[in-house]
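# Summary of structural features
Next come the chains, spelled out residue by residue.
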Amino acid sequence: MSQTLWRPGDQGTYPDHADKLSEGTIYKPEYFEHIASTMATLGKDLYELSIDIHDHPELRFEERHAHDVLTAFVEKRGFEVTRHHLLETAWVAKYTHGNGGRTLGINSEMDALPGIGHACGHNLIAISGVAVALAAKAVMEKFDISGTVVLLGTPAEEGGSGKVLLLDRGAYEGMDACLMCHPAPGPRLSASLSSCLALQRVIVEFHGHTAHAALSPWEGQNAVDAAVLAYNSISVLRQQLKPTHRVHGMFEGRDWTPNIIPDYAKMTWYVRAPTRAEVDIAVPRVTACFQAAALATGCRVEVQLANSTYDLRQNKGLGDEFADVFSKKFGPVDYEYGIKSASTDFGNVTYALPSIHPSFAIPTEAGNHTRQFTDASATKESHQACLNISAALAATGVRLLEDDAFFKQVKDTFQEDLHLRKEESARA
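First, a word on what this report is: a plain description of the structure on this page. (Residues numbered from 1 in each chain as written. Predicted model: local features only at pLDDT ≥ 70, side-chain atom pairs only at ≥ 80, totals over all residues. Heavy atoms only, no water.)

### Notes on the layout of surface pockets
Within this model, the largest pocket holds a volume of roughly 810 Å³. Along the walls of the largest pocket sit 30 residues, with Glu-158, Gly-159, Tyr-270, Arg-272 and His-369 positioned nearest its centre. Listing elements by their share of the lining of the largest pocket, those giving two or more residues are β8 (198-207), β9 (246-252) and β10 (264-273). Of the residues in the lining of the largest pocket, the class split is 10 nonpolar, 12 polar and 8 charged. By volume, the second largest pocket amounts to about 350 Å³. Taken together, 19 residues form the lining of the second largest pocket, with Leu-312, Arg-313, Gln-314, Asp-417 and Leu-420 sitting closest to its centre. For the lining of the second largest pocket, the class distribution of residues is 6 nonpolar, 7 polar and 6 charged. (1 Å grid on protein atoms, 1.4 Å probe; cavity = no way out; pocket = protein on both sides within 12 Å on 5 of 7 lines; lining within 4 Å. Points joined across faces, edges and corners; volume = space filled by probe spheres on them. Helix = DSSP H or I, 4+ residues; strand = E, 2+ residues; numbered from the N terminus. Nonpolar A, V, L, I, M, F, W, Y, C, P; charged D, E, K, R; others polar.)

Here you go:
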C-alpha cells in the first residue's frame, strides 16, 4: 500500500478535517451548520450503535441483531419503521415533512464477512445511513422543507446482492435519488468518487462417474480433473484479458477421498470488468473454459449465471455537489481510491435512478476484507471520518429536496449517463 494512505497513528493539525481545504462557500451554509450540530448531538449514540453492530457480526441474510438495533434507533427518533421489509432482515424507515416534495433515498448496509467480522466496515455504513437520514430530517423541520426521507436497511451486500433483490421487489420505487457511502483505504480524511467493477457470478457443476482409483480408474469420469482443468484454463485465459478485468474462483466437492474417482465438483467464479457491457463480453470466454474441461474429461457440466452487480454510475450532479461540500469542509476528493477494483450491489441502484456512493478513507494497515480492516472499522478516527462524509451526503440530499434547479441538473446528468452506457455497450 502506498505511503500516501492513512495509517493508524497518522495525525494532522486538525482531528476532524484535513490540513488543507478548498476555498469558497457552499450552498446555504445555514443548512450545513444545522447538519453539523445534529451530527455533534448524535455522535456518541451513533458510535455506540456502530460498536454494537461491529461486536455482533452477522452474515448475509442473517443480520437480525443489526436489524433490531437499527430500527429501534430510528423509530425512537421519529421515523415510521417497517420491519422485515420485503426480505427477512431488510427494513425501511420513513419521515415526511410538509406536503408533496421530493423523496430522498438512503441506504444502510449491515452484513459482515465469514470468519473476519466487519472487515468491510458495514457497521460504519449502517450508522452513516442513520446519520444522513436524521440530519436531513432535522434540517427539513428547522427550515420547513417539504419532502420525504426513506432510509432502507439493505442486507447481504457480501455475496447475496440484497439490493438487487430489493430493487426487483420495488423497494426503490418513488425515490428521486439515493445516497450511501463506503469505507476504504485512502489519504487521510479524504473521500473518493471512483466507480467499481461490474460483476457476474457463475456457478459451475461437473458431474462424472465414480470408480476405484487404483483397481479400475478407466471406468470413471473425474469431476475434480474437470474442475482443475477449468481452473488452469482460466489462468491461461487471463493473459488475453484486459488488465482491468478480474476472474477468480474456487472449487469444492462432497465425499472426496483419494481412492475414489470423484463424480462431482462445484466451482464458483466471479467475472469482473469496469462496466456491465465489458462483463457481458468476458463471460462467454470464461464459460468456454468450463465446456472445454467437460469435453476433455468426459464429464457433464452445468453452468448457471447467478446474480450480477453493475459498476457504479456516480451521478455527476449529485457527485459535484457532494465534492463541493466535502472539499470545503473536510478534505480532498479524488477519483482513484475507494472501492474502484471491488464490486457492490449498489451499482444496480445507480443504473436505476440518480445515485452516488462515495468512499471515505479510514486509518488502516491493510485493505478491505482483512482482519486489520475489521479493527480499523471500530476506531474513533474511523467514526469521525464516517460522520464527515455523512454530513456532506446530508447536505447534498437536502439540496436535492429544496432546490428545483439542482434536481433538474441531477435528472439531466442521469439521462446523459444513459446515453453514455449505450455507447459503452456498442464499443465493448
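### Overview of empty space enclosed by the protein
A full pass over the atoms with the stated rule returns 3 cavities of 30 Å³ or more. As a volume, the largest cavity reaches approximately 70 Å³. In terms of lining residues, the largest cavity is bounded by Ile-26, Tyr-27, Lys-28, Tyr-31, Phe-32, Ile-35, Glu-321, Val-325, Ala-395, Val-398 and Arg-399. Here the residues of the lining of the largest cavity are counted per class, giving 8 nonpolar, no polar and 3 charged. The space that makes up the second largest cavity amounts to roughly 40 Å³. Lining the second largest cavity are 13 residues, with Pro-185, Ser-192, Gly-338, Phe-360 and Ala-361 sitting closest to its centre. Residue assignment for the lining of the second largest cavity shows that the elements contributing at least two residues are β7 (191-192) and β14 (359-361).

### Some thoughts on the pattern of salt bridges
Per the counting criterion, the structure on display carries 23 salt bridges. Between Asp-404 and Arg-102 there is a salt bridge whose closest N-O contact spans 3.0 Å. Here Asp-404, found in helix α11 (residues 404-427), pairs with Arg-102, found in strand β3 (residues 102-109); they are 302 residues apart in sequence, far enough to count as distant. Where Lys-328 meets Asp-324, a salt bridge forms, and the shortest distance between an N and an O atom there is 2.8 Å. Taken as a pair, Lys-328 and Asp-324 lie in helix α7 (residues 316-329) at a separation of 4 residues, close to a single helical turn. (Salt bridge = Lys/Arg side-chain N within 4 Å of Asp/Glu carboxyl O.)

### Digging into the sheet that holds strand β12 (residues 333-334)
In any sheet, the strands associate via hydrogen bonds between backbone groups, in a parallel or an antiparallel arrangement. In space, the 4 strands of this open sheet follow the order β6-β14-β7-β12, with mixed pairing throughout. The sheet is open, and its two borders are formed by β6 (182-184) and β12, each paired with just one other strand. Both β7 and β12 contribute to a ladder of 2 bridges, which runs parallel. Paired with Ser-192 across the strands is Asp-334, a residue of β12. Relative to β14, helix α10 (residues 380-402) is tilted by about 145°, and along the sheet it contacts β7 and β14. (Pairing = 2+ DSSP bridges. Contact = heavy atoms within 4.5 Å. Axes fitted to C-alpha atoms, helices over the stretch in contact; angles between N-to-C directions.)

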